[in-house]
Amino acid sequence: MKRRTFIKAAAAATASLSLTHLSACKLSSKVDVVVIGAGLSGLSAARELVKNDVSVLIVEARSRVGGRTYNQPANTSGAIIDGGGQWIGPTQSEILALAQELEINIFDTWNEDEAVGLFEGQRLVGAELDSDPETVEDLERVITLINEMAVTVPLQAPWDAVNANSWDAQYLGDWLDANVQMQGARDELEAGVASILDAPSSQISLLWFLFYVRSAGSYQILQSVEGGAQQYRFVEGAQQISIRMAQELGKRRIILGEPVQQVASNQKHVYIQLNSGVVEAKQVIVAMMPADAEKITFSPPLPQARSSLQKNWATSSGFKIHIVYPSAFWRAAGLSGQATTDTGVSSVFDNSPASGTSGILIVFAEAGQLPNDKVQRMQQVVGTLVQLFGNEAATPVEYIEMDWAKETFTEGCESPLSINVLTRYGHTLRLSTGRVHWAGTEAALVWNGYMEGAIRAGKQAATNVIAEL
Ligand SMILES: Cc1cc2nc3c(=O)[nH]c(=O)nc-3n(C[C@H](O)[C@H](O)[C@H](O)COP(=O)(O)OP(=O)(O)OC[C@H]3O[C@@H](n4cnc5c(N)ncnc54)[C@H](O)[C@@H]3O)c2cc1C
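Residues numbered from 1 in each chain as written. Predicted model: local features only at pLDDT ≥ 70, side-chain atom pairs only at ≥ 80, totals over all residues.

**Focus: the overall build of the protein**
Note the cut-off: The numbering of helices and of strands both runs from the N terminus, where a helix is a DSSP run of H or I of at least 4 residues and a strand a run of E of at least 2. As a reference, a globule follows 2.2 Å times the number of residues to the power 0.38, and the radius of gyration itself is taken over C-alpha atoms. Residues are scored as being in contact if the C-beta atoms we place from backbone atoms lie within 7 Å.
Across its full length, the protein carries 15 helices and 19 strands. Here the C-alpha radius of gyration of the protein, 23 Å, is about what a compact globule of 469 residues would show, namely 23 Å. For the protein, the spread of C-alpha atoms along the three principal axes comes to 70 × 50 × 40 Å. In the protein, 74% of the contacts between residues at least 6 apart in sequence involve partners at least 24 apart.

Below, the structure written as structure tokens:
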């Protein structure tokens, strides 16, 4: 037997073995489509399918819906804490329309008054934080260049950009080193990249970053509060969108607490193994990050390029800290609650509720910059807040952390793709594999990586599946 024939035969044997195994299990139900993952993407896909009279079952690993959006329980304050995705912007039409349809209110991100900085022990306020004119000029020049390059990246196929190969072989950090003249501008861009993809520019492909910029509209849109990705928040927390979609779909269409491990398909059907039995469907939508999909065994095995995409999908694990106070006391001092520091706390924002009933600061920190011990970490964070906002910051009513690195069913929050991944395997991001279709925000053309992208990718996968039924 030739080597290639042998491999084919082996693959077929694996597939039929799995199918035999699955069909020997108790068949729990039959539906048109199984959606794996009840994040915004999977729920949006299911909603679209149901609207088109398609029978659907959503299977979710966690005991809750919402995936990377999560209303964290607050013990004493009763505040709504967004442990995951939270901000949306005015150009994100799908999530705005969905929120309106589900009667979920949004409000403006608290963004008035002066920001504060703390560098080498020195506290700077408002205009003292402004960069010198040469730095500002350099920054503007480089951002314009980034936007101009991003426009040449086709959303549908970034790997077809004229400069795709050279840009994907280059780290963003090397490109910035070669193109930014002022150290202050370089530092600001590094902080900007970290706030977008939660990783250093030295680890990110230039092509991937340009695609990300194109997908959102521009570097400024990604970065801004007003007119940008951070303009609004949800009054009841971002997870409420998924909760409301799940309520609308009804309990009979959603199974929680079922991590799918195996998906097997043949010419006619696809079988999804659950603890309680096997579900037979005509098509399946996998609505999650490629790195999460890697934990599912497919038979027949996925094509090599898709498998390599999943294996090489880089992830960054987010860490959010909320500090709750009885009131937003910093506003009385003319401060916005926004800050940047070099103490390990990279940035601070006012994350108070719309009602104004309490004052909440959100702290972002770079990996490895804060102590491992929780008590020491809290002391360092609160100590920094005291230096920034005064003694009232010393007595929070609650300190709440969310560490996404500890989440079994989320490999990462954002995707800082490395070099040569997009050009080699990117074409499989949205390419269906037989009866298996891919959703999740990472499959989106527009607002890839964001909640908006999750909804768009889910709806697109549903449209593709409907065409196949
Ligand atoms: C800390 C943080 C901050 C963020 N900030 C913002 C922000 O401000 N604005 C913004 O727009 N976006 C933000 N994001 C990103 C945003 O939350 C995501 O883009 C979006 O929620 C992704 O939705 P999704 O449905 O594509 O994927 P997910 O939400 O990841 O959903 C995938 C689902 O699949 C489930 N699953 C995984 N494996 C299996 C399995 N084997 N079987 C069954 N189910 C499985 C998971 O449990 C999960 O529920 C942030 C994310 C994080 C974590």
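On we go from here.
**A look at the sheet that holds strand E17 (residues 359-365)**
To be explicit about the condition: Strand pairing is assigned whenever DSSP identifies at least 2 bridges connecting the two strands. Axis definition: a line fitted to C-alpha atoms, over the contacting stretch in the case of helices. Angles run 0 to 180 degrees between N-to-C directions.
As summarised here, the arrangement of the seven strands in space is E7-E6-E15-E16-E17-E14-E18, forming an open sheet in which the pairing is mixed. The sheet terminates laterally at strand E7 (122-125) and strand E18 (398-403), the two strands that pair on one side only. Strand after strand, the sheet turns through a mean of 20 degrees between neighbouring axes, direction not considered. Pairing of strand E14 (residues 319-325) with E17 involves six bridges; the strand directions are antiparallel. From the neighbouring strand, Ile323 faces E17, where its bridge partner is Leu361.

**Quick word on the confidence of the model for the protein**
Rules: The predictor's confidence in any single residue is recorded as pLDDT, a number from 0 to 100.
Summary statistics for the protein give a mean pLDDT of 92 and a share of 94% for residues scoring 70 or more. Residue range residues 1-17 is modelled with pLDDT below 50. Its contacts to residues more than four positions away, or to other chains, number nine contacts.

**Topic: the site of the ligand**
Defined as follows: Nearness here is judged by the C-beta atom: place it from the backbone, and if it falls within 6 Å of a molecule or strand, the residue counts as near that partner. Side-chain classes follow a simple rule in which Ala, Val, Leu, Ile, Met, Phe, Trp, Tyr, Cys and Pro form the nonpolar group, Asp, Glu, Lys and Arg form the charged group, and the remainder, Gly included, forms the polar group.
Looking at the ligand, there are 39 residues lining it, with Gly37, Gly39, Gly67, Gly85 and Gly318 nearest. Every element with two or more residues in the shell around the ligand is listed here: helix H2 (40-51) and helix H15 (451-468). Per-element tally for the shell around the ligand: the top contributor is H2, with three residues. Considering only residue class, the shell around the ligand consists of 19 nonpolar, 14 polar and six charged.

**Focus on helix H7 (residues 183-197)**
Keep this limit in mind: What a helix is expected to span follows from its residue count: subtract one and scale by 1.5 Å. Counts of 20 or more other C-beta atoms within 10 Å of a residue's own C-beta define buried residues, counts of 12 or fewer define exposed ones, and intermediate counts define partly exposed ones; C-beta atoms are placed from the backbone. Working note: the arc is built from the helix axis to C-beta atom directions.
Under the 1.5 Å per step criterion, the end-to-end length of H7 is 21 Å for 15 residues, consistent within 8% with the ideal 21 Å. Of all the residues in H7, the buried ones are Ala185, Arg186, Glu188, Leu189, Val193, Ile196 and Leu197. The buried residues of H7 occupy one face: seen down the axis, they fall within an arc of 165 degrees. On its buried side, H7 packs onto helix H4 (133-151), helix H6 (172-179), helix H8 (206-216) and helix H9 (219-223). Two residues or fewer past H7, Asp198 is found with a positive phi of approximately 55 degrees.

**Observations concerning the nonpolar core**
Our working rule: To define a nonpolar core, we join buried Ala, Val, Leu, Ile, Met, Phe, Trp, Tyr and Cys residues through C-beta atoms within 7 Å and take the resulting set.
One finds Val33, Val34, Val35, Ile272, Val284 and Ile285 to be the most contacted residues of the largest nonpolar core, which totals 101 residues. No other element matches H8, which puts nine residues into this core. Ignoring any residue separated from it by four or fewer positions in sequence, one finds Ile285 in contact with Val33, Val35, Ile36, Gly42, Ala45, His437, Ala439, Ala461 and Val465. If you look at the next biggest cluster of nonpolar residues, it comprises 30 residues, including Val324, Phe349, Leu370 and Trp404.

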